[in-house]
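# Fold and geometry: a report
The residues making up each chain are set out below.
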Amino acid sequence: MPSPLRAVLAGVVVLVAALPSPAAAQPIAGAYIVTLGEGDPAAAAQRAERRHGAQVDHVYTQALRGYAARMSARAAQEVAGEAGIASVVQDQRVHADAQTLPTGVDRADAELSATAAIDGIDRRVDADVAVLDTGIDLGHADVKVTGGKNCQSGKGYGDGNGHGTHVAGTIAALDNGIGVVGVAPGARLWSVRVLNSAGSGSWSSIICGVDWVTGMHSTIDVANMSLGGTGSDSACTADPLHAAICRSVGTGVTYTVAAGNEADNAANHVPAAFDEVVTVSALADFDGKPGGAGAATCRADADDTFASFSNFGADVDLIAPGVCITSTWKGGGYKTISGTSMAAPHVAGAAALYRARNPAAAPAQVKSALQAAGTTAWSAADDPDGFQERLLAAGGF
């Protein structure tokens, strides 16, 4: 979304940034994100409905001041010319960054954390984590959802796909003697449904989620975004998504995000390219231990190496297990899949452990602490950028 293909179409600023897989962007016809330079977002949205026949889907008041609406290209052009309008950006489709899921909690040393206290007794980490994804299974015995928001169609914030439930389990599955355990067992989960049951969504729905999290900044410590689209870094004011995330981070919420699964430079994908977030690449680990002796299971990667699908580059802040990860799934079940979507929630759980012990820590402090605690006990021979990022190590949190 930030500085991908940038074009001006009949006076309407269009930022072309879409899916993480094909290079081609997939704009949503007739859907726009309107950012205000001044004025009341709700009043502006009502004016668009009245004057231009717009159908408003979201009104943003916290991380961004503006709204998302469906309207004709002509109407979007007219809105862009009105006083107080900073930009009108065409909405884009995005998808969950999932591939196929490991023994990551062990490799991240979460079982050594006194805060996690993993011993089969259900004690819960005192932290709040928002999962911006496909929702979370509200009836799953191994994950407990405190509340949430639906920025997609429908009324609830349950999971119609499974991806969000998988992410949530890696973060905070209960230490209750059944199923799996998360990095920060029992941390309070907030289900923010920004992707539909097919695992796709739009920038406007994601901004809706960021907007809601920002309004909850006094409660929510960490937000995980295992999703992305094409784009590049930019100034915080350059586009709506980056503006929203910058504002949200500024309120004290730490964002962990997937680097992406295209075997590409993460600089070409957002939100992975944003400096304000913690961007996570994926490690292939099959036995939960260093040394490279684990036998491959669900994929053919070599143990203790950079996952073949993972994005790389200077924008990556940490690496975490992301291959053959077993976690919770919709319908009360469990599933093993892989992806940087699976790596990022390991870091979200570690960030929750750190915030539980350091409740006043700012996002930059959380990021620094995670990087400082990381190790280089993995083989970077296959890492395309030649730089060995730190491997998540949560045992000291």
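For the structure, check the block above.
Please read these numbers as outputs of a predicted model, since none were measured by experiment.

Conventions adopted
Residues numbered from 1 in each chain as written. Predicted model: local features only at pLDDT ≥ 70, side-chain atom pairs only at ≥ 80, totals over all residues. Heavy atoms only, no water. Helix = DSSP H or I, 4+ residues; strand = E, 2+ residues; numbered from the N terminus. Contact = heavy atoms within 4.5 Å. Polar contact = N/O pair within 3.5 Å; in protein donor to acceptor, adjacent residues only side chain to side chain. Axes fitted to C-alpha atoms, helices over the stretch in contact; angles between N-to-C directions. Left-handed = near helix turned anticlockwise from the far one by under 90°. Nonpolar A, V, L, I, M, F, W, Y, C, P; charged D, E, K, R; others polar. Salt bridge = Lys/Arg side-chain N within 4 Å of Asp/Glu carboxyl O. Buried < 20%, exposed > 50% of the residue type's maximum accessible area, 1.4 Å probe, protein only. Core = buried A, V, L, I, M, F, W, Y, C linked by side-chain atoms within 4.5 Å. Parallel < 35°, antiparallel > 145°, perpendicular 65-115°, else oblique. 1 Å grid on protein atoms, 1.4 Å probe; cavity = no way out; pocket = protein on both sides within 12 Å on 5 of 7 lines; lining within 4 Å. Points joined across faces, edges and corners; volume = space filled by probe spheres on them. Disulfide = S-S within 2.5 Å.

## Notes on the environment of Ser197
With respect to the helices and strands, Ser197 occurs in the loop between strand 9 (188-193) and strand 10 (200-202). Taking the C-alpha atoms as reference points, Ser197 and Gly252, separated by 55 residues in sequence, lie 30 Å from one another. If sequence neighbours within four positions are ignored, Ser197 has contacts with Gly160 and Asn161. There is a polar contact of 2.9 Å between the side chain of Ser197 and the side chain of Arg193.

## Quick word on the packing of helix 4 (residues 163-172) against helix 7 (residues 340-357)
Running from N to C, helix 4 and helix 7 point in directions that differ by 35°, and their axes come no closer than 7 Å. Pair helix 4 / helix 7 crosses with right-handed handedness. Residues His163, His166, Val167, Thr170 and Ile171 of helix 4 lie in contact with helix 7, whose contacting residues are Ser341, Met342, Pro345, His346, Ala348 and Gly349. Broken down by class, the residue content of the contact of helix 4 with helix 7 amounts to five nonpolar, six polar and no charged.

## Comments concerning the pattern of salt bridges
Summed over all chains, the structure comprises 12 salt bridges. Close ionic contact of Asp128 with Arg188 constitutes a salt bridge, the shortest N to O distance being 2.8 Å. Here Arg188 lies in strand 9 and Asp128 lies in strand 7 (residues 128-133), a separation of 60 residues in the sequence. Using a relative accessible area of 5% as the deciding quantity, one classes Asp128 as buried. Through salt bridges with shared partners, one network takes in Arg107, Asp285 and Asp304.

## Details of the nonpolar core
Residues Ile171, Leu189, Val347, Leu353 and Leu370 are the most contacted members of the largest nonpolar core, which totals 51 residues. Sorting the residues of this core by element identifies strand 7, helix 4, strand 15 (278-284), strand 17 (318-321), strand 18 (325-329), helix 7 and helix 8 (363-373) as the ones contributing at least two each. Ala68, Val194, Leu241 and Ala273 belong to the second-largest nonpolar core, a separate cluster that totals 37 residues.

## A closer look at the packing of helix 7 against helix 8
When two helices pack together, you describe them by how their axes are tilted relative to each other and by the distance separating the axes. Where helix 7 contacts helix 8, the axes come no closer than 10 Å and their chain directions differ by 110°. Comparing their axes, helix 8 and helix 7 come out roughly perpendicular. The chirality of how helix 7 crosses helix 8 is right-handed. Where helix 7 abuts helix 8, its residues Val347, Ala350, Ala351, Tyr354 and Arg355 lie against Gln365, Val366, Ala369 and Leu370. A class-by-class count of the residues in the contact of helix 7 with helix 8 yields seven nonpolar, one polar and one charged.

## With respect to the layout of surface pockets
Roughly 270 Å³ of internal volume is contained in the second largest pocket. Taken together, 15 residues form the lining of the second largest pocket, with Ile28, Asp57, Asp91, Ser202 and Ser204 sitting closest to its centre. The set of elements that each furnish at least two residues to the lining of the second largest pocket consists of strand 3 (27-36), strand 4 (55-60), strand 6 (85-96), strand 10 and helix 5 (203-215). Top element by residues in the lining of the second largest pocket is strand 10. It accounts for three residues. Class assignment of the residues belonging to the lining of the second largest pocket gives a composition of three nonpolar, eight polar and four charged.

## Quick word on the state of the cysteines
Evaluation of the coordinates by the stated rule reveals three disulfides. In this model, Cys236 is linked to Cys246 through a disulfide, with the two sulfur atoms separated by 1.9 Å. Its S-S torsion of approximately -70° makes the covalent link between Cys236 and Cys246 left-handed. Within this pair, whereas Cys236 is found in the loop between strand 12 (227-230) and helix 6 (240-250), its partner Cys246 is found in helix 6, the two being separated by 10 residues in sequence. Judged by its relative accessible area of 14%, Cys246 is buried. Two residues share a disulfide in this structure: Cys298 and Cys324, whose sulfurs sit 1.9 Å from each other.

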